[in-house]
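# Coordinate analysis (summary)
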Amino acid sequence: MLPSAAGGKRKPQGRRLGWVRSDRPGAMWARKEGLHHPHPHAVVRCPSSSSSSVSCSGDSEDEDMGLLEVSVTDIKPPAPELGPMPDGLSPQQVVRRHILGSIVQSEGSYVESLKRVLQDYRNPLVEMEPKALSLRKCQVVFFRVKEILHCHSMFQIALSSRVAEWDATEKIGDLFVASFSKSMVLDVYSDYVNNFTNAMSIIKKACLTKPAFLEFLKRRQVCSPDRVTLYGLMVKPIQRFPQFILLLQDMLKNTPRGHPDRLSLQLALTELETLAEKLNEQKRLADQVAEIQQLTKSVSDRSSLNKLLTSGQRQLLLCETLTETVYGDRGQLIKSKERRVFLLNDMLVCANINFKPANHRGQLEISSLVPLGPKYVVKWNTALPQVQVVEVGQEGGSYDKDNVLIQHAGAKKASASGQAQSKVYFGPPRLFQELQDLQKDLAVVEQITLLISTLHGTYQNLNMTVAQDWCLALQRLMRVKEEEIHSANKCRLRLLLPGKPDKSGRPISFMVVFITPNPLSKISWVNRLHLAKIGLREENQPGWRCPDEDKKSKAPFWCPTLACCIPAFSSRGLSLQLGALVHSPVSSPLLGFSAVSTSLPQGYLWVGGGQEGAGGQVEIFSLNRPSPRTVKSFPLAAPVLCMEYIPEPEEGESGDGDKDESHTAADPSAAVHPTICLGLQDGSILVYSSVDTGTQCLATCRSPGLQPVLCLRHSPFHLLAGLQDGTLAAYPRTSGDVPWDLESPPVCLTVGPGPIRTLLSLEDAVWASCGPRVTVLDATSLQTQQSFEAHQDEAVSVTHMVKAGSGVWMAFSSGSSIRLFHTETLEHLQEINIATRTTFLLPGQKHVCVTSLLICQGLLWVGTDQGIIVLLPVPRLEGIPKITGKGMVSLNGHCGPVTFLAVATSILALDILRTDQEEAEGPKAEEDKPDGQAPEPAPAPSSHVGRELTRKKGILLQYRLRSTAHLPGPLLSVREPAPTDGSALEHSEEDGSIYEMADDPDVWVRSRPCARDAHRKEICSVAIISGGQGYRNFGSASGVGGRPAPCGETDSTLLIWQVPLLTL
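Bear in mind the structure is a predicted one, so any value in this text is a computation, not a measurement.

Look at helix H3 (residues 145-164): 29 Å from first C-alpha to last across 20 residues, which is about the 28 Å you get at 1.5 Å a residue. Counting buried residues in H3 gives 18 out of 20 residues, a clear majority hidden from the surface.

Right, here's the structure in full:
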């Protein structure tokens, strides 16, 4: 609470905030951001001790979490308005003014929508007599709307001040930081988002049971100028931060380097992204609890399933409504029904979705329409290790056919004797068996064709032409059948589940077939089932721990799962030490649809190392399956110290772009393929072709002075090598099979007196570290731009640098701290002590040193000399990658220092994710629509905000809210449907249907994807690899857990983590 004028004093919360007192009598203190003069109407009134705030359940609280209690009518900020555009503005300044105008317009519209919710809906419902909605329900439905309005009203006041002085300062980023970095904003939005589904459910039920409430909503909608429904107004807070993020991204793109507002915009983008991520995680946890509670209600209190669900040890990994299909003996469809399928961390549950029928009065039984969803009736539940995914045509290795009897779920049970006489075929309908029959028939027809060719006479319908037609017809049928099998695998999830044994004691399994909404859903289910099974292994129970977590809390569901632990080299007797690792993606997908969900990222791991004073070795692993396998190994003259994967050059990367393009067009074989560069201890630099092209050594060279090559990096113009004596050797790019000119002497630059330990290639610069200093070079000319001191101790060296957004994280040769520097101003922004995260694992160990760094998918991986791996969350967008969360520590690590951390990624081909309808209509639809326009485009917004929201780049914040679309009544849209005739507007009943946010937050689509959502139908497989000595489990007393260690404590070992498939 804020103090009164006569009460005690309160210090400002942050340096950017001020406290301003109004001259109005009896006024309280008001918090003001960015204001340069007090507004007498912007008054914050302190609630009395008897006032209270309302929780989601309608209960009162003594305190309101320090939230402002302001009367809506008291806040009357002047309308922000830009003055006339001055002369002589640059194009970027003009664009920035337009974006500022969009921010002002968008914020004004948002504040007016919040006021409409209160003034047009909440206040009349509270004052209405008789009550159309009880006071308690009104408090739940409009929970935290007033507090959100207060936050944005104060922001609008500060925004008007900034707009008035825009042409003089052109600063807006610090205002966003000051306004939305406060915990109060997170609190009120978290409460609102978590309560949203509950509020919509209450509205839905009231529409079904109270005609007065329905008529009230109808009148309000008709009277509104834009006829936006109550749902359309109340969903706007969920859309607000994605809109802010897009607008600030545009503002940042048009803010040049060196501008005083650029760093503030980057910090603002970081604050908004962090806020959005926290809201996402809180909403996910709330939805998980709600789903498990609803499922628990459908189970008997005495059942074992009820005890498992109420134990608090279950996490909901995936939940979706799928269509179960039952097929007959001939493959014909017998019936289909929607089921709710729950994937928990250790079990799979399938439930019917039931509604009670209408009673004798013809009215719905409202008691079954609970706010959290329908009434579930559990059909079956199975322990996760016993669930098997079976694809069409891949049944052979999924189960023991001789000892297991298979039955289709829902079909009539077959006798054991009849089952033994004929093979059971899965799928709709017996597709794989039909394909085999066609293959056999084709072989027979080909033999007949050979016999016909030996005939001496001429016979009608028995000649070579007819025989060839037979072969062609069978080949066409085979192609059709193969396409049907491919299609059947795309959206059909087949699960083999254990059943009760028969009378003879023979185990019986039954097959359940689900139809998923789209191929992406099928892949997600198979992937999550696979990772959930891995997560049940002892080393993953638990696999991660928060440094200060209590016994009840668990690591988030997205935590990386330790998939395997393998020796790094096949020849263990040589005691080879690890040097470096890179991932080489495959040039074309090797796996089909069925295998891609469970395999590691497609490609090859190149692991290099050697023995001190002896030779080196390279081991190549294939990742095109769930566990890696060695495909090639070869020795080298010296140990490998570093590696660099160089992909095919993109258009415009080479300086001789026109020449290379014409050369490639004339000779396609001369195209540059991906290569792998190796730096050795004896000063050799080796260039190898990828595994796809034979793993050949394309070129070799020696570094100047035969200095050991400590690090390699490539830029669009050079291959850069950091040497032991502080020299940076640059080899220019060239055309041909070898992308670098290794025959001519390289361009040599002396960076410093000590070794160059690490290099970092940015868009237009190269960072090179020598001792505690970092030198920034121009990427094209290699001229030194500037240098700065990253550490104050001259004896300390910068050993690792990784970039994310607009920042670079650095680790050092000694000490447990990592530091963040701005890529543009080189300013030191943050310092994190890793030792504070690891002391609970090794209480007696005080000295920790960082030995490896990696940033991947919003996570900063930190390896230490104690073998411990720390995981810290960082923002993903163009902002500053500040660490805002507490992070986690892996309980799986190495016995010695973590030598390296590397990432392996692969993108699934888009054609794998296309549905049958998209494959059939795709080319035709593109031809029918101009410029490849989608068949059902959403209406194009006319405002700048609308145009920006339809861009290809996806929105960060995607609330996955629970849906109540299953409740009876018409569905809700943001805007009312157009009337079918000239009669008066008919009101559509409010429905709590919540859909995942598409690219345009103002377009909410149900039953079909957004037309602009096609680019998001791309998924990425990610694995993280750590290398070090041995394997250690820090959660067990022995250090290796219950399972035998695959490697010795001194053997070079690779640990591979997988994360769930990511949607891009």
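We are not done yet, so read on.
It is worth spelling out a nonpolar patch on the surface at this point. A grouping of Val444, Ile448 and Trp470 is seen on the molecular surface, where their side chains present a nonpolar patch of about 240 Å² in accessible area. Among the secondary structure elements, Ile448 is positioned in helix H13 (residues 431-452).

Glancing now at the environment of Ala835. Note on placement: Ala835 falls in helix H17 (residues 835-838). Since its relative accessible area comes to 8%, Ala835 is described here as buried. Sequence separation between Ala835 and Cys849 is 14 residues; the distance between their C-alpha atoms is 8.2 Å. Ignoring any residue separated from it by four or fewer positions in sequence, one finds Ala835 in contact with Ser816 and Val848.

On to the pairing of strand E33 (residues 817-822). Along E33, 6 of the 6 residues are buried, which leaves the element largely enclosed by surrounding structure. As judged from the 4 bridges shared by strand E32 (residues 807-812) and E33, these two strands associate in the antiparallel manner. Each bridged residue has a counterpart across the sheet, and for Gly807 the counterpart in E33 is His822. Following E32, the chain reverses through 4 residues before pairing antiparallel with E33; Gly815 in that reversal takes a positive phi of roughly 95 degrees.

Take the confidence of the model for the chain next. When pLDDT is averaged across the chain, the result is 74; 69% of the residues are at 70 or more. Taken together, the stretch residues 657-669 has pLDDT below 50 and engages in 5 contacts with residues farther than four places along the chain or on a different chain.

The subject of this paragraph is the sheet that holds strand E35 (residues 850-856). The strands making up a sheet associate through backbone hydrogen bonding, with each pair oriented either parallel or antiparallel. Ordered by their spatial adjacency, 5 strands build an open sheet running E13-E38-E37-E36-E35, and the pairing between neighbours is antiparallel. The two strands at the open ends of the sheet, each matched to only one other strand, are strand E13 (544-545) and E35. For E35 and strand E36 (residues 859-864), the ladder comprises 6 bridges, and the chain directions are antiparallel. Across the sheet, residue Val850 finds its bridge partner in E36, namely Thr864.

A few words on the pattern of salt bridges. This model, assessed by the stated rule, comprises 18 salt bridges. Among the ionic pairs, Glu824 bridges to Arg257, the shortest N-O distance being 3.9 Å. Linking Glu824 in the loop between E33 and strand E34 (828-833) with Arg257 in the loop between helix H9 (236-253) and helix H10 (262-297), this pair joins segments that are 567 residues apart in sequence. For Glu824, a relative accessible area of 17% corresponds to the buried category. Note that Arg262 is salt-bridged to Glu824, the shortest N-O span being 2.6 Å. Pair noted here: Arg262 is in helix H10 and Glu824 is in the loop between E33 and E34, with a separation of 562 residues, a long-range link. Pair check on accessibility: Arg262 and Glu824 agree, each one buried. Each of Arg257, Arg262, Asp764 and Glu824 takes part in salt bridges that share partners, so that together they form one network.

Turning our attention to the packing of helix H6 (residues 183-209) against H9. Two elements in contact, H6 and H9, have axes separated by 10 Å at closest approach and are oriented at 130 degrees. If you check the angle between H6 and H9, you find them oblique. Where H6 abuts H9, its residues Val185, Tyr189, Tyr192, Val193 and Phe196 lie against Pro237, Ile238, Arg240 and Phe241. For the contact of H6 with H9, a count of residues per class yields 8 nonpolar, no polar and 1 charged.

About the criteria used
- Position numbers for residues count from 1 along each chain, tracking the sequence in the order it is written.
- Reporting in this predicted model follows two pLDDT cut-offs: at least 70 for local features of residues, and 80 or more for side-chain atom pairs to be given and counted; totals over whole chains, interfaces and linings ignore these cut-offs and use all residues.
- Note: side-chain values were computed over all heavy atoms of the structure, leaving out hydrogens and water.
- Comment: elements are numbered from the N terminus, with helices defined as DSSP H or I runs of at least four residues and strands as E runs of at least two.
- A helix is expected to reach a length of 1.5 Å times the quantity of its residues less one.
- Using a 1.4 Å probe on the protein chains alone, a residue whose accessible area is under 20% of its type maximum counts as buried, one over 50% counts as exposed, and one in between counts as partly exposed.
- Within this analysis, patches are made of residues with over 30% relative accessible area and no salt bridge. Like charges are joined at 9 Å or less; nonpolar side chains (Val, Leu, Ile, Met, Phe, Trp, Tyr) at 5 Å or less.
- Each accessible area is a Shrake-Rupley estimate made with a 1.4 Å probe; only the visible protein chains count as cover when residues are assessed.
- A pairing counts as a salt bridge when a side-chain nitrogen of Lys or Arg comes within 4 Å of a carboxyl oxygen of Asp or Glu.
- Every residue pair with non-hydrogen atoms within 4.5 Å of one another is taken to be in contact.
- Strand pairing is assigned whenever DSSP identifies at least 2 bridges connecting the two strands.
- By definition, pLDDT measures how confident the predictor is in each residue, and it falls between 0 and 100.
- Inter-axis angles, ranging from 0 to 180 degrees, are taken between N-to-C directions of lines fitted to C-alpha atoms, where helices are fitted over the stretch in contact.
- By the definition adopted for this analysis, an angle is roughly parallel if under 35 degrees, roughly antiparallel if over 145, roughly perpendicular if from 65 to 115, and oblique otherwise.
- Three classes are used, and their members are as follows: Ala, Val, Leu, Ile, Met, Phe, Trp, Tyr, Cys and Pro are nonpolar, Asp, Glu, Lys and Arg are charged, and the others, Gly among them, are polar.

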